[in-house]
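# Observations on the model geometry
Here is how the chains run, residue by residue.
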Amino acid sequence: MQSVEEAAKTVAQRIQRLPMERIPLSEARGRILAENIVATRFLPPFDNSAMDGFAVRSSELPATLPIVAKVAAGQVLTDAIPPRVAIRIMTGAPVPQGLDTVVIQEDAKVEGSQVTLPASPVGDNIRRAGEDVAAGDLAVRAGERLNAAELGLLAALGMVEVPVARSPRIAIIATGDELVSIGDTPGPSQIVDSSAHTLAALIPGAGGTSNYIGIAKDDPITMAALIASAMDHDVVITTGGVSVGDRDHVRAALKAAGVELELWKVAMKPGKPFSFGLNNGRVPVFGLPGNPVSTFVAFELFVRPALLAMQGATNTQRPRAPVSLIRGYRKQAGRTHYIRARVVRNGEHLIAHPHPKQGSAILSSLVGCNALVELPAEATEIQPNTVVPAILLEAV
Ligand code: AMP
Ligand code: MG
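Source: prediction; values computed, not measured.

### Examining the overall build of the chain
- Along its length, the chain carries 6 helices and 28 strands.
- Counting over 396 residues, the chain shows a buried share of 47%.
- Here the contacts in the chain between residues at least 6 apart in sequence split such that 71% fall between residues at least 24 apart.
- By element, 52% of the accessible surface of the chain is carried by carbon and sulfur atoms, the whole surface being about 18,800 Å².

As structure tokens, then:
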């Protein structure tokens, strides 16, 4: 049985990069940039005023000067500016040729068509052309996730389209004779398939799009056929049926569907019956455990980083931080445990409040949980207030 680290490495080694595509900038939020973007323009494009005030020559100050013209954002003064005059200037307007400082209006005393201005250093309140980004600068690096900041900068550079990694399309297949679809009323021995919906909600956060194929019965032949039919996706995820019970047929079905298994157990709790393999040496297939919490944890540890790596993301990992556990735990050595917890900040310290119910079928333990606290594989006794690592699912 591989450790979590070894299993993550095995998955990472088998993942192939998706090709890139060019898409409209307006549709690129959350996507991973596929090429370095080198600026072809200067930002700002011209010297402009940072404030409302008066544009002048610094060497002529202090002085009382005639106000001879006005320039607002979007306008430009093309006339040569004679000596010893002031130009009324508004924020964002180009600084007229030959003038080198802007005195803010709060420091100016206007009387009729004259203004009295104090001494002011050269360059005051002027935003220089290219001081934000110069042509030739690396504006955004390949592998960065495109969010508001990156997209705003690329828009300022006039990029209508951006090169991004193709978004992975992920097939989701639930398995189990006991499962019914959401909207159907469960019979006396049935439950609603929830894990597929948990997965569908996790996938966009990793830059993918999901396609819910449906529920496969616990029968290896139909299961294999359904899995094989999903191989036109970039990734296939199944849930359930991966333990060793009589009805746990996914392993056999995966083999029958042409999936070469590389992993089928990982030393973790929850989520031990995790399997992973490649179909035709190409399509990654993740066999996640059926229990909803196990599905969630296995997705976080293995699938999310894999989806981001397929897109060439520089950062495939959630942030981690040391947290202080408010209660103690006793466990067997051998498996890494992931405790669902709410982490709160107390001054400089992060305090983890574990959910009281840690069973892998306790869906409610994930609600309000913002961290997975990691109890190391070798640990057996964890005292209250021990500092342990945690995976942060949200900023704390
Ligand atoms: P299995 O791995 O198929 O043995 O499933 C383990 C447990 O998870 C069983 O109690 C199943 O009923 C439950 N389970 C399996 N798949 C799902 C699902 N898609 N949604 C909710 N619970 C599930
Ligand atoms: Mg099952």
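### Things to note about the sheet that holds strand β13 (residues 169–175)
- Read from one edge of the open sheet, 6 strands run β16-β13-β17-β21-β20-β18, paired in mixed fashion. Edge strands, defined here as strands with exactly one partner in the open sheet, are β16 (209–216) and β18 (259–263). Looking at each pair of strands side by side, their axes are set apart by 25° on average, direction ignored.
- Two strands pair when backbone bridges link them, and strand β17 (residues 235–239) and strand β21 (residues 283–288) are joined in this way by 4 bridges, in the parallel orientation. Following the sheet pairing, V236 is matched in β21 by V285.
- Its contacts with the sheet put helix α6 (residues 292–310) on β13, β17 and β21, and the angle it makes with β21 is roughly 170°.

### Some points on the sheet that holds strand β8 (residues 109–111)
- Judged by pairing direction, the sheet is mixed, and its 6 strands sit side by side in the order β7-β4-β6-β5-β9-β8 without closing on themselves. Looking at which strands have only one partner, the edges of the open sheet turn out to be β7 (101–104) and β8. Strand-to-strand, the axes of this sheet are offset by a mean angle of 40°, without reference to chain direction.
- Two elements, β8 and strand β9 (residues 114–117), share 3 bridges in a ladder whose sense is antiparallel. Within β9, the residue paired with K109 across the bridge is T116.

### Focus: unusual backbone geometry
- Here L43 and P44 are connected by a cis peptide whose omega angle stands at -10°.
- Relative to the assigned elements, P44 resides in the loop between β2 (37–38) and β3 (48–49).
- With omega at -5°, the peptide bond leading from K269 into P270 counts as cis.
- At N125, a position not held by glycine, the phi torsion is positive, near 60°.
- As for its position among the elements, N125 is in the loop between β9 and β10 (126–127).
- Notably, N280 is not glycine yet its phi reads approximately 55°, a positive angle.
- Looking at where N280 falls in the secondary structure, it is placed in the loop between β20 (275–279) and β21.
- Residue N280 is classed as exposed on the basis of its relative accessible area, which comes to 69%.

### Observations regarding the nonpolar core
- Membership of the largest hydrophobic core comes to 42 residues, with the highest contact counts inside it found for I237, F274, F286, L288, F299 and F302.
- Of all the elements in the fold, those that place two or more residues in this core are α1 (4–14), β13, α3 (195–202), β17, β20, β21 and α6.
- Tallying contributions element by element places α6 first for this core, with 12 residues.
- Of the domains in this structure, domain 1 (4–18 + 167–310) and domain 4 (320–392) are the two that each give at least three residues to this core.
- Setting aside its immediate chain neighbours within four residues, I237 contacts I170, A171, I172, I173, L199, I203, F286, L288, F299 and V303.
- Counting residues in each nonpolar core, the second largest holds 18 residues, with I227, V236, V242 and A253 among its members.

### Concerning the site of ligand 1
- The environment of ligand 1 is made up of 15 residues, and the closest members are E178, D193, S194, S195 and G241.
- Contact between ligand 1 and S195: a nitrogen atom at 3.2 Å from a main-chain N or O atom of the residue.
- In isolation ligand 1 offers 480 Å² of accessible surface; the protein chains occlude 78% of this area.
- Here ligand 1 occupies the largest pocket.

### Quick word on the domain arrangement of the chain
- Each assigned domain of the chain is listed here: domain 1 (4–18 + 167–310), domain 2 (20–43 + 131–165), domain 3 (48–127) and domain 4 (320–392).
- A straight line from the C-alpha centre of domain 1 to that of domain 2 covers 34 Å.
- If you look at the interface, domain 1 gives 8 residues, while domain 2 gives 7 residues.
- Overall, the association of domain 1 and domain 2 removes approximately 440 Å² of surface from exposure, summing both partners, and the carbon and sulfur fraction of that is 42%.
- Looking only at domain 1, the three residues that lose the most surface to domain 2 are L18, S167 and L308, adding up to 64% of its buried area.
- Run the count over domain 1 and domain 2 and you get 2 residue pairs in polar contact (both at pLDDT 80 or more).

### A word on the layout of surface pockets
- In this structure, the largest pocket encloses a volume near 690 Å³.
- Taken together, 39 residues line the largest pocket, and the ones lying closest to its centre are G290, N291, P292, S294 and S360.
- With 4 residues, strand β24 (residues 336–346) is the largest single contributor of residues to the lining of the largest pocket.
- The class makeup of the residues in the lining of the largest pocket is 12 nonpolar, 15 polar and 12 charged.
- Two domains each provide a minimum of three residues to the lining of the largest pocket, namely domain 1 (4–18 + 167–310) and domain 4 (320–392).
- Approximately 350 Å³ is the volume attributed to the second largest pocket.
- Contributing to the lining of the second largest pocket are 20 residues, with A8, E300, L301, P305 and Q317 lying nearest its centre.
- Going through the elements one at a time, α1 and α6 are the ones with two or more residues in the lining of the second largest pocket.
- A per-element tally of the lining of the second largest pocket places α6 first, with 7 residues.
- Two domains share the lining of the second largest pocket, each providing at least three of its residues, namely domain 1 (4–18 + 167–310) and domain 4 (320–392).

Calculation criteria
- Residues numbered from 1 in each chain as written.
- Chains lettered and ligands numbered in written order.
- Predicted model: local features only at pLDDT ≥ 70, side-chain atom pairs only at ≥ 80, totals over all residues.
- Heavy atoms only, no water.
- Helix = DSSP H or I, 4+ residues; strand = E, 2+ residues; numbered from the N terminus.
- Buried < 20%, exposed > 50% of the residue type's maximum accessible area, 1.4 Å probe, protein only.
- Contact = heavy atoms within 4.5 Å.
- Areas by Shrake-Rupley, 256 points an atom, 1.4 Å probe, with all protein chains shown as cover.
- Pairing = 2+ DSSP bridges.
- Axes fitted to C-alpha atoms, helices over the stretch in contact; angles between N-to-C directions.
- Core = buried A, V, L, I, M, F, W, Y, C linked by side-chain atoms within 4.5 Å.
- Domains from an automatic or database assignment.
- Near = heavy atom within 4 Å.
- Polar contact = N/O pair within 3.5 Å; in protein donor to acceptor, adjacent residues only side chain to side chain.
- 1 Å grid on protein atoms, 1.4 Å probe; cavity = no way out; pocket = protein on both sides within 12 Å on 5 of 7 lines; lining within 4 Å.
- Sits in = over half its atoms within 2 Å of the grid points.
- Buried area = accessible area lost by both parts, 1.4 Å probe.
- Points joined across faces, edges and corners; volume = space filled by probe spheres on them.
- Nonpolar A, V, L, I, M, F, W, Y, C, P; charged D, E, K, R; others polar.

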